[in-house]
Amino acid sequence: MLEINSVSRRFGDRLVLDEVSFTVGPGRMTGFVGANGAGKTTAMRIILGVLAADSGSVVWRGQPISQSVRQRFGYMPEERGLYPKMKVAEHIVYLGRLHGLDAGRAKKNTAALLEELNLAERANDTLESLSLGNQQRAQIAAALVHDPELLILDEPFSGLDPMAVDVVVSTLRDRAATGVPVLFSSHQLDVVERLCDDVVIIADGQIRVAGEREALRQQHSRYQFKITVDADAGWVRDLPQVKVLDVDGPHAVVELLSPDQDQWLLQQALSRGPVRQFDPVIPKLAQIFREVVR
């Protein structure tokens, strides 16, 4: 498990991280979400030892992190950092060797990753000749080539089309399934919601919420229900102690004052005819994000 404990960091007079704490569990996909400048990249760089924290600690498997331990981590920075003139496979093999792999294993891992990420046909092309999306996939291969014990990815889905996103999502899920903790940042909240087990939301250098995705969605729900009936649903406007959020023909969305009103609301609907849908409205990650950062 990766533990970030009360980490703070200043750049001059600006407090970029303020007592930041969260964990990334084994085999868990943790989405790290925040606006530009919220502190995500700074936190990731402190985990990797690129930056030092002013206070607090970063712990891996219960121990402080040494440089030799960090060699076993996989990191993909937001900015592209590969050598543009090198060939794709040659570059990935080179990075595998830097992480301590022998030549045979580096080549074997590279070939498998390029196949997995649909880059095998571009193995002998230079990186600068690739599209931005393929360059992004090459960067992901570079982070994975040495079979890392921990993955930290800064905006891994940037520049990827929907098909490429699915390929990368599958690759990351496969790694997590082997027990590798994965921490990734992304502005694509729909992808984060689909992929992550846990969510950490940061704003102005402070953690606003952190926890298991579905538990956070339940925690931020507001006793809202979506109703679909056969006739017009405008009758919901006449119900006492019900906040009407939307009515569109036979469809309505309402908010109750307390959770014990749900059966009463259902009976009100049934008394007016057949009910085709009666479901709680669970907020999406984007809605939770807007609520906690404003």
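Undergrad: Let's hear about helix α5 (residues 132-144): which residues, and what values?
TA: When the terminal C-alpha atoms of α5 are compared, their 19 Å separation across 13 residues agrees well with the 18 Å that a helix rising 1.5 Å per residue should span. Among the 13 residues of α5, 12 are classified as buried, and the element is accordingly described as predominantly covered. Buried residues of α5: Gly133, Asn134, Gln135, Gln136, Arg137, Ala138, Gln139, Ile140, Ala141, Ala142, Ala143 and Leu144, and no others. Check the buried side of α5 and you find it contacts β6 (73-76), α3 (88-98), α4 (103-116), β7 (150-154) and α6 (162-177).

Undergrad: With reference to specific residues and values, describe helix α9 (residues 262-270).
TA: For α9, the complete set of buried residues consists of Leu265, Leu266 and Ala269. One face of α9 carries all of its buried residues, which in axial projection span an arc of 100°. Looking at the buried side of α9, the elements it contacts are β11 (224-229), β13 (251-256) and β14 (275-280).

Undergrad: Hey, could you go over the nonpolar core for me, with residue numbers and the actual values?
TA: In terms of nonpolar packing, the biggest core is built from 49 residues, with Leu151, Leu153, Phe157, Leu172, Val182, Phe184 and Ile201 touching the most fellow members. For this core, the element with the most residues is α6, which contributes 7 residues. Setting aside chain neighbours within four positions, we find leucine 151 in contact with Gly74, Ala143, Leu144, Leu172, Arg175, Val180, Pro181, Val182 and Leu183. If you look at the next biggest cluster of nonpolar residues, it comprises 25 residues, including Val7, Phe22, Ala43 and Trp60.

Undergrad: Which residues make up the pairing of strand β8 (residues 182-185), and what values do they have?
TA: Along a regular strand, successive side chains alternate from one face of the sheet to the other. Burial along β8 is two-sided: the face carrying Val182 and Phe184 and the face carrying Leu183 and Ser185 are both buried. Sheet topology note: the strand β3 (residues 29-33)/β8 ladder contains 4 bridges and is parallel. Within β8, the position partnered with glycine 31 by the bridge is phenylalanine 184. In this structure, β7 lies alongside β8, joined through 4 bridges in parallel fashion. For leucine 153, the partnering residue across the bridge sits in β8 and is phenylalanine 184. In the classification by handedness, the crossover that spans β7, the intervening α6 and the parallel β8 is right-handed.

Undergrad: Before we move on, can you summarise the layout of surface pockets with the specific residues and values?
TA: Size it by volume and the largest pocket reaches roughly 330 Å³. If you list the elements that add at least two residues to the lining of the largest pocket, you get β6, α3 and α5. Broken down by class, the residue content of the lining of the largest pocket amounts to 11 nonpolar, 7 polar and no charged.

Undergrad: Describe the side chain of aspartate 154, naming the residues involved and giving the relevant values.
TA: Tracing the chain through its elements places aspartate 154 in strand β7. No salt bridge is formed by the buried aspartate 154, whose closest oppositely charged neighbour, arginine 45, lies at an N-O distance of 6.0 Å. Polar contacts involving the side chain of aspartate 154 include one to the side chain of threonine 41, which spans 2.8 Å. In this structure aspartate 154 touches Thr41, Met44, Met76, Pro77, Glu78 and Ser185, once residues within four positions along its chain are discounted.

Undergrad: Summarise the packing of α3 against α4; cite the residues concerned and give the values.
TA: The geometry of α3 relative to α4 is characterised by a closest axis approach of 9 Å and an angle of 130° between their N-to-C directions. Comparing the axis directions of α3 and α4 gives the class oblique. When the axes of α3 and α4 are compared, the crossing they make is right-handed. On α4, the residues touching Val88, Ala89, Ile92, Val93, Gly96 and Arg97 of α3 are Ala103, Ala106, Lys107, Thr110 and Leu114.

Undergrad: If you had to explain the sheet that holds β3 to someone new, which residues and values would you point to?
TA: With respect to topology, 6 strands assemble into an open sheet ordered β6-β7-β8-β3-β9-β10, the strand pairing being mixed. What marks the edges here is a single partner per strand, and that holds for β6 and β10 (206-212). Strand-to-strand, the axes of this sheet are offset by a mean angle of 15°, without reference to chain direction. With respect to the sheet, α6 is in contact with β3, β7 and β8, its orientation differing from that of β7 by roughly 155°. The strands touched by helix α10 (residues 285-293) are β3, β9 (198-203) and β10; relative to β9, the strand with the most contacts, the crossing angle is about 35°.

Reading guide: rules and limits
Residues numbered from 1 in each chain as written. Predicted model: local features only at pLDDT ≥ 70, side-chain atom pairs only at ≥ 80, totals over all residues. Heavy atoms only, no water. Helix = DSSP H or I, 4+ residues; strand = E, 2+ residues; numbered from the N terminus. Expected span 1.5 Å × (residues − 1). Buried < 20%, exposed > 50% of the residue type's maximum accessible area, 1.4 Å probe, protein only. Contact = heavy atoms within 4.5 Å. Arc of directions from axis to C-beta. Core = buried A, V, L, I, M, F, W, Y, C linked by side-chain atoms within 4.5 Å. Pairing = 2+ DSSP bridges. Right-handed = clockwise from strand over helix to strand, strands pointing away. 1 Å grid on protein atoms, 1.4 Å probe; cavity = no way out; pocket = protein on both sides within 12 Å on 5 of 7 lines; lining within 4 Å. Points joined across faces, edges and corners; volume = space filled by probe spheres on them. Nonpolar A, V, L, I, M, F, W, Y, C, P; charged D, E, K, R; others polar. Lys, Arg positive; Asp, Glu negative; His and termini not counted. Salt bridge = Lys/Arg side-chain N within 4 Å of Asp/Glu carboxyl O. Polar contact = N/O pair within 3.5 Å; in protein donor to acceptor, adjacent residues only side chain to side chain. Axes fitted to C-alpha atoms, helices over the stretch in contact; angles between N-to-C directions. Parallel < 35°, antiparallel > 145°, perpendicular 65-115°, else oblique. Left-handed = near helix turned anticlockwise from the far one by under 90°.

Distances and angles like these do not, on their own, reveal function.
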